[in-house]
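Spelled out from the first residue to the last, the chains are:
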Amino acid sequence: MDDVDRENGVLQVIPGSHHQGLLPHITSPNPGNMLTANQEIPEHLLNTSEAVECPLQAGQMSVHDGLTVHASEPNLSTRRRCGFVIRYVPTSAYPVQDPDRPRTFNATVLVSGVDEYHHFPNNAPNLQ
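Bear in mind that the values here come from a model prediction, so they are computed numbers and not experimental data. (Residues numbered from 1 in each chain as written. Predicted model: local features only at pLDDT ≥ 70, side-chain atom pairs only at ≥ 80, totals over all residues. Heavy atoms only, no water.)

Here the focus is the overall build of the protein. Helix and strand counts for the protein come out as 0 helices and 5 strands. The order of helices and strands in the protein, counted from the N terminus, is β-β-β-β-β. Its C-alpha atoms give the protein principal-axis dimensions of about 45 × 35 × 30 Å. Within the protein, buried positions represent 16% of all 128 residues. Residue pairs at least 24 apart in sequence account for 66% of intrachain contacts in the protein once pairs closer than 6 positions are excluded. With an accessible surface of roughly 10400 Å², the protein has 54% of that area assigned to carbon and sulfur atoms. In the protein, which carries 7 positive and 14 negative side-chain charges, the distance between the mean positions of the two groups comes to 6 Å. (Helix = DSSP H or I, 4+ residues; strand = E, 2+ residues; numbered from the N terminus. Buried < 20%, exposed > 50% of the residue type's maximum accessible area, 1.4 Å probe, protein only. Contact = heavy atoms within 4.5 Å. Areas by Shrake-Rupley, 256 points an atom, 1.4 Å probe, with all protein chains shown as cover. Lys, Arg positive; Asp, Glu negative; His and termini not counted. Charge placed at Lys NZ, Arg CZ, Asp CG, Glu CD.)

So, on to the side chain of serine 28. Residue placement: serine 28 occurs in the loop between β2 (26-27) and β3 (39-40). In this structure serine 28 comes out as buried when scored by relative accessible area, which is 7%. Within the local environment of serine 28, its side chain forms a polar contact with the side chain of glutamate 40, the two groups lying 2.8 Å apart. (Polar contact = N/O pair within 3.5 Å; in protein donor to acceptor, adjacent residues only side chain to side chain.)

Within the structure shown, the criterion is met by 4 salt bridges. A salt bridge links aspartate 5 to arginine 79; its shortest N-O distance comes to 2.8 Å. In this pair, aspartate 5 sits in the segment before β1 (11-13) while arginine 79 sits in the segment after β5 (70-72), placing the two residues 74 residues apart along the sequence. Using a relative accessible area of 31% as the deciding quantity, one classes arginine 79 as partly exposed. Here arginine 6 and glutamate 53 are joined by a salt bridge, their closest N and O atoms 2.8 Å apart. Of this pair, arginine 6 sits in the segment before β1 while glutamate 53 sits in strand β4 (residues 52-54); the two residues are 47 residues apart in sequence, bridging distant segments of the chain. One continuous salt-bridge network, built from bridges that share partners, spans Asp5, Glu7 and Arg79. (Salt bridge = Lys/Arg side-chain N within 4 Å of Asp/Glu carboxyl O.)

Grouped together as the largest cluster of nonpolar side chains are 5 residues: Ile14, Leu23, Ile41, Leu46 and Val69. Not counting residues up to four positions away in its chain, the partners in contact with isoleucine 14 are Leu46, Asn47, Thr48, Glu50, Ala51, Thr68 and Val69. (Core = buried A, V, L, I, M, F, W, Y, C linked by side-chain atoms within 4.5 Å.)

Strand order in the open sheet made by the 3 strands is β4-β1-β5, with antiparallel pairing throughout. Every interior strand has two partners, whereas the edge strands, β4 and β5, have only one. Between one strand axis and the next, the sheet turns by 35° as a mean value, whatever way the strands run. Note: β1 against β5, 3 bridges, orientation antiparallel. By the bridge assignment for β5, leucine 11 is matched with serine 72. (Pairing = 2+ DSSP bridges. Axes fitted to C-alpha atoms, helices over the stretch in contact; angles between N-to-C directions.)

Looking now at the confidence of the model for the protein. Mean pLDDT over the protein stands at 88; residues scoring 70 or higher make up 95%. Element-level pLDDT for the protein is lowest in β2, with a mean of 84, against a maximum mean of 96 in β4. (pLDDT = per-residue confidence, 0-100.)

Right, dumping it as structure tokens:
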């Protein structure tokens, strides 16, 4: 949605890190984390020297596996850094309920196939 560069906190990824599977997360000791759970992967599990920056111009997008290690630094500019996240998951996936982080999924939409599990509400608009 906005230009993103080093000054306003460009996305950084570690290529190939998704092959490691889901890595443990801890509560971040750093204040100001914008993630709901203020979480991060312990640095000793990562080779941060392999991280690459993914600058984007408004209208461009990053498409990556959700298990790809990714992060960004704080926005140190006066410019906005706004993004939009879309996640595709199989209908067999289910949300983990955490009383410390209650979440709702009011934007879930079945985009193809049949949902035999009903772990998420289908919020697709009725276009008939």
